[in-house]
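The lines below spell out each chain.
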Amino acid sequence: MRTQVAIIGAGPAGLLLSHLLHLQGIESIVLESRSRAEIEATIRAGVLEQGTMDILTEAGVGERMRREGALHRGIELAFGGGRHRIDLNELTGKAITVYPQHEVIKDLVAARLAAQGQLLFEVGAVTLHGLDSERPSLSFTHGDEIRRIEADFVMGCDGFHGVARPAMPEQARRQDYQRNYPFGWFGILVESAPSSEELIYAQHERGFALVSTRSPIVQRLYFQCDPSDHVSNWSDDRIWSELHARLENHDGWRLKEGRIFQKNIISMRSFVSTPMQAGRLFLAGDAAHIVPPTGAKGLNLAVSDVQLLARGLEQFYHQGSEQRLQSYGADALKRVWRAEYFSWMMTRLLHTSADATAFECEMQRAELDNIVNSRALATALAENYVGAF
Ligand code: APR
Ligand code: PHB
């Protein structure tokens, strides 16, 4: 097989890239190791920045998002028994949409298939070849067959555990920056009406909690836990009493309970791998960087990476210039590092560390107090949260 752009991974990064290229008349093939049913059912995050909404809308895949997603103009920070609204819209002129990542995946898969895009599911043993040449290729298994694709470019959109990053040629002198956090998030999906119109990020001495939503009848809640803990240690009763304790407040607001139908634990890590390109291999999304979920940036970074890549490829194929492709890594990393900072900052601001001193706990509380009492600091948080720059 031969194509212009070979894409490894049908996550948000790989699927959106393939779709954006298609809109520019550039051919691609997407290889995905899992099945369509699996990628469309994996529960992940759900906050879309305004810029992400705009890209999906301009690309013609935002119709269901606009109809079914919930537009949020603010978020709340809860601590010390009080709730404090950060008015994202008033402070930045922008807003966010809560729309689950797997729904974005469904919309993108449908768009690719409707356009007769080449999307191969359940491929195995993807191996990269000739990345230093102008004819890189991929070999892989599909059913009983061993197949090969020759391309002009290979795009590693295969997530944190993929094969593209480790295949980065040695001359690229890859450098990884990493921080693992000593806590995880316990996530549940609940059948109930929303408890709050806006997301609540709660800091509490027992640990962080987050009240999010999925739809008018399904809610998404999280609480900080030990990353090595097991879902089986948490009965529904234990979960509710922990969430109520962390969300206690003195204005009479109470979390709504409902049937819990999904439980999972996610680990938290900050990670950046540089460079994001070498020869004819480019990395995008989780393949190149991971953020802890506190800043809700993961999906948005994947989208901004592939927007840059699509522009670079468009310039390459339509104007014969490699300029934008050459500066892809440097351009993408500017935004990546700012999002890494924000996600790390939000994580530090809201989580409880077992080894924090009494002084450090007071500093954390003072920082929260400063943010909700200073328009300048609240604006900085809001700008980062909505992705205003
Ligand atoms: N061959 C083919 N496909 C692979 C391989 C491989 N060797 N390894 C991984 N994949 C696939 C995975 O099955 C997955 O579907 O690549 C896809 C990568 O998708 P994501 O992990 O969703 O990564 P990305 O598209 O960069 O999106 C980032 O996902 O993790 C969240 O919060 C994160 O929202 C962010 C988004
Ligand atoms: C989610 O709804 O899954 C969600 C919301 C906000 C975050 C992280 C996850 O910061």
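Structure shown above.
Residues numbered from 1 in each chain as written. Chains lettered and ligands numbered in written order. Predicted model: local features only at pLDDT ≥ 70, side-chain atom pairs only at ≥ 80, totals over all residues. Heavy atoms only, no water.

Caption draft 1: Looking closely at the pattern of salt bridges. Applying the stated criterion across every chain yields a total of 24 salt bridges. Residue glutamate 90 pairs with arginine 375 through a salt bridge whose shortest N-O separation is 3.2 Å. You can see glutamate 90 sitting in helix 5 (residues 88-92) and its partner arginine 375 sitting in helix 12 (residues 375-386), a full 285 residues away along the chain. Look at arginine 375 and you get exposed, because its relative accessible area is 52%. Salt-bridge contacts for aspartate 152 lead to arginine 135; the nearest nitrogen and oxygen are separated by 3.2 Å. Of this pair, aspartate 152 sits in the loop between strand 11 (145-150) and strand 12 (153-156) while arginine 135 sits in the loop between strand 9 (123-129) and strand 10 (137-142), and the two are 17 residues apart along the sequence. Taking the relative accessible area as the measure of exposure, aspartate 152 reaches 11% and is therefore buried. According to the relative accessible area criterion, arginine 135 is partly exposed, its value standing at 48%. Members of the salt-bridge network, linked through shared partners, are Glu63, Arg64, Arg67, Glu68, Glu103, Lys106 and Asp107. (Salt bridge = Lys/Arg side-chain N within 4 Å of Asp/Glu carboxyl O. Helix = DSSP H or I, 4+ residues; strand = E, 2+ residues; numbered from the N terminus. Buried < 20%, exposed > 50% of the residue type's maximum accessible area, 1.4 Å probe, protein only.)

Caption draft 2: Region of the structure containing the site of ligand 1. Not every one of the 24 residues close to ligand 1 is listed here, only the nearest: Ala13, Glu32, Arg44, Gln101 and Asp286. Here an oxygen atom of ligand 1 sits 2.9 Å away from a polar atom, N or O, in the side chain of arginine 34. Within the side chain of aspartate 286, one N or O atom sits 2.5 Å away from an oxygen atom of ligand 1. Burial of ligand 1 by the protein amounts to 86% of the accessible area it has alone, namely 710 Å². For the shell around ligand 1, the secondary structure elements donating two or more residues are helix 1 (12-23) and helix 8 (298-319). (Near = heavy atom within 4 Å. Polar contact = N/O pair within 3.5 Å; in protein donor to acceptor, adjacent residues only side chain to side chain. Areas by Shrake-Rupley, 256 points an atom, 1.4 Å probe, with all protein chains shown as cover.)

Caption draft 3: A look at the sheet that holds strand 7 (residues 96-98). With antiparallel pairing, the 3 strands of this open sheet are ordered in space as 3-7-4. One side of each edge strand has no neighbouring strand; the edge strands of this open sheet are strand 3 (47-49) and strand 4 (70-72). Averaged over neighbouring strand pairs, the angle between their axes works out to 30° when direction is ignored. As paired elements, strand 3 and strand 7 share 3 bridges and run antiparallel to each other. Residue pairing for strand 7: leucine 48 is matched across the bridge by threonine 97. Where helix 12 meets the sheet, it contacts strand 3 and strand 7, and its direction lies at approximately 100° from that of strand 3. (Pairing = 2+ DSSP bridges. Axes fitted to C-alpha atoms, helices over the stretch in contact; angles between N-to-C directions. Contact = heavy atoms within 4.5 Å.)

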